Amino acid sequence: MGLAIRLLLFISLLATPPCRATMSEQALTAMRQSFLQAEQYIEQNRDDDYFALSDTLKDYPLYPYLHYQWLLRHLDDDSAILAFLHDYPHTRYAALLHSKWLANLGIKHQWLTFLKHYKNSNDEELQCYFAQAQYQLGQQHVAQQKARELWLSGRPQAKACDILFDWFKASADFNPELAWQRFEAALKQNHSELAKQMLPLMQNEERKIAETWLKLHAQPYLVKTSTDWKRHYAKAGPLFAHAIRRWLTTAPHEALRVWDAEKNQFQIPNEIIVDT
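Residues numbered from 1 in each chain as written. Predicted model: local features only at pLDDT ≥ 70, side-chain atom pairs only at ≥ 80, totals over all residues. Heavy atoms only, no water.

Caption draft 1: Region of the structure containing the overall build of the chain. For the chain, the helix and strand inventory stands at 17 helices and 0 strands. Counting only residues that meet the buried cut, the chain has 41% of its 276 residues in that class. Of the contacts formed within the chain by residues at least 6 apart in sequence, a portion of 49% connects residues at least 24 apart. Carbon and sulfur atoms make up 52% of the accessible area of the chain, which totals about 16,100 Å². (Helix = DSSP H or I, 4+ residues; strand = E, 2+ residues; numbered from the N terminus. Buried < 20%, exposed > 50% of the residue type's maximum accessible area, 1.4 Å probe, protein only. Contact = heavy atoms within 4.5 Å. Areas by Shrake-Rupley, 256 points an atom, 1.4 Å probe, with all protein chains shown as cover.)

Here's what the structure looks like:
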């Protein structure tokens, strides 16, 4: 039995008058055994046995957790989930179940039900399902705005965002510069694999420059080598600053020496200089 369960039982006993403590302990012991048996019924998909036993446990402190476990296996049962959210709105399981249910609605493309029950969320998977729902129900412009926001975040997103990005890339709002912006944002947050995914969206010359960025991101000490990109690349300044910033984490003294010696050769935006 876990620590949380033991604490709940102990607190319940402390709150019980002495003359009833023994009875309460006996009752809780019996309910604890029934709880464990009900969990086994869930694992075994014995729903009839589960409900027959769980009906006797509705006064048990961990009943919401027990029924939450059953509902996770029955996310298509909308009425049962809504009943749980109504009966136990302030438990931690309500929020967890609500998110998992919405994700399931998104997977099944049940957009009307999804929109009816969606609330603003920090979960990017749910945000992408919300934008999908908007797109499918005629609010394409709003969905494209969310796609652009997530695209430029520089973070890997959930699989639910893939189709949203496909729509975005196929739209008139998309242009090659957005591929560069996602590339740079991803590298800034050290998401090299995401940055590499932008290479097919670039023209040959752009791809070569991007590969130089990736090389210096992985081996920033190479920035001290004199190469063509320092003389001919329009964004040589930001690339130089990015490599120096990366190099500072492993060889700060050498990186600062190269920075002080070469920074005046480049046009580096003030905000990047402050950052570096």
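Caption draft 2: Up close: the pattern of salt bridges. In total, this model carries 14 salt bridges according to the counting rule given. With a shortest N-O distance of 3.6 Å, Asp 55 and Lys 58 are connected by a salt bridge. On the accessibility criterion, Asp 55 (47% relative accessible area) is partly exposed. A salt bridge links Glu 124 to Arg 155, with the nearest nitrogen and oxygen atoms 2.1 Å apart. Here Arg 155 lies in the loop between helix H9 (140-151) and helix H10 (162-169) and Glu 124 lies in helix H8 (residues 124-136), a separation of 31 residues in the sequence. (Salt bridge = Lys/Arg side-chain N within 4 Å of Asp/Glu carboxyl O.)

Caption draft 3: Structural view of the packing of aromatic side chains. A complete count under the given rule lists 23 aromatic pairs for this structure. Look at Tyr 118 and Phe 130: their rings are 4.4 Å apart centre to centre, the planes differ by 15°, and that puts the pair in the stacked class. Of this pair, Tyr 118 sits in the loop between helix H7 (111-117) and H8 while Phe 130 sits in helix H8, placing them 12 residues apart in sequence. Exposure remark for Phe 130: the relative accessible area of 24% places this residue in the partly exposed category. By way of ring pairs, the aromatic residues Trp 111, Phe 114, Tyr 118, Tyr 129 and Phe 130 are connected into one cluster. Over the aromatic face of Trp 151 sits the side chain of Arg 182, whose NZ or CZ is 4.6 Å from the ring centroid. Positioned over the ring face of Trp 180 is Lys 235, at 5.7 Å from the centre of the ring. (Phe/Tyr/Trp six-rings, centres within 6.5 Å; stacked < 30°, edge-to-face > 60°. Lys NZ or Arg CZ within 6 Å of the ring centre and 35° of its normal.)

Caption draft 4: Representation of the nonpolar core in the model. Among the nonpolar cores identified, the biggest contains 76 residues, and Phe 183, Val 223, Trp 229 and Phe 240 are the most heavily contacted of them. Non-local contacts of Phe 240, meaning those with residues more than four positions away in its chain, are made with Val 223, Trp 229, Val 258, Trp 259, Glu 262, Lys 263, Phe 266 and Ile 268. (Core = buried A, V, L, I, M, F, W, Y, C linked by side-chain atoms within 4.5 Å.)

Caption draft 5: Local environment of the environment of Asp 47. As for its placement among the helices and strands, Asp 47 is situated in helix H3 (residues 47-54). Sequence-wise, Asp 47 and Trp 70 are 23 residues apart; in three dimensions their C-alpha atoms are separated by 8.7 Å. Excluding anything up to four places from it in sequence, Asp 47 contacts Trp 70 and His 74. In this structure the side chain of Asp 47 is engaged in a polar contact, spanning 3.3 Å, whose partner is the side chain of His 74. (Polar contact = N/O pair within 3.5 Å; in protein donor to acceptor, adjacent residues only side chain to side chain.)

Caption draft 6: Representation of the packing of H9 against helix H11 (residues 176-188) within the structure. In the contact formed by H9 and H11, the axes pass within 10 Å of each other and the chain directions differ by 45°. The pairing of H9 with H11 is recorded here as oblique in orientation. The segment H9 lies against H11, with Arg 148, Leu 150 and Trp 151 engaging Leu 178, Ala 179 and Arg 182. Of the residues contributing to the contact of H9 with H11, the split by class is 4 nonpolar, no polar and 2 charged. (Axes fitted to C-alpha atoms, helices over the stretch in contact; angles between N-to-C directions. Parallel < 35°, antiparallel > 145°, perpendicular 65-115°, else oblique. Nonpolar A, V, L, I, M, F, W, Y, C, P; charged D, E, K, R; others polar.)

Caption draft 7: Fine view of the environment of Leu 150. Examined against the element boundaries, Leu 150 turns out to sit in helix H9. Here the alpha-carbon distance between Leu 150 and Cys 161, two residues 11 residues apart in the chain, equals 8.6 Å. Aside from chain neighbours lying at most four places away, what touches Leu 150 is Glu 124, Gln 127, Cys 128, Gln 157, Cys 161, Leu 164, Phe 165 and Arg 182.

Caption draft 8: Seen up close, the state of the cysteines. Summed over the entire model, instances satisfying the criterion amount to 1 disulfide. Here Cys 128 connects covalently by a disulfide to Cys 161, the sulfurs 1.9 Å from one another. The S-S bond linking Cys 128 to Cys 161 shows a torsion near 95°; that makes this disulfide right-handed. Residue Cys 128 is located in helix H8, and its partner Cys 161 is located in the loop between H9 and H10; the two are separated by 33 residues in the primary sequence. Cys 161 matches Cys 128 in its accessibility class, with the two residues each being buried. (Disulfide = S-S within 2.5 Å.)

Caption draft 9: Representation of helix H6 (residues 92-107) within the structure. With 16 residues, H6 should cover 22 Å at 1.5 Å per step; its first-to-last C-alpha distance of 23 Å lies within 8% of that length. Where H6 is buried, its residues meet helix H4 (63-72), helix H5 (78-87), H7 and H8. Directly after H6, the chain includes His 109, whose backbone phi takes a positive value near 60°. (Expected span 1.5 Å × (residues − 1).)

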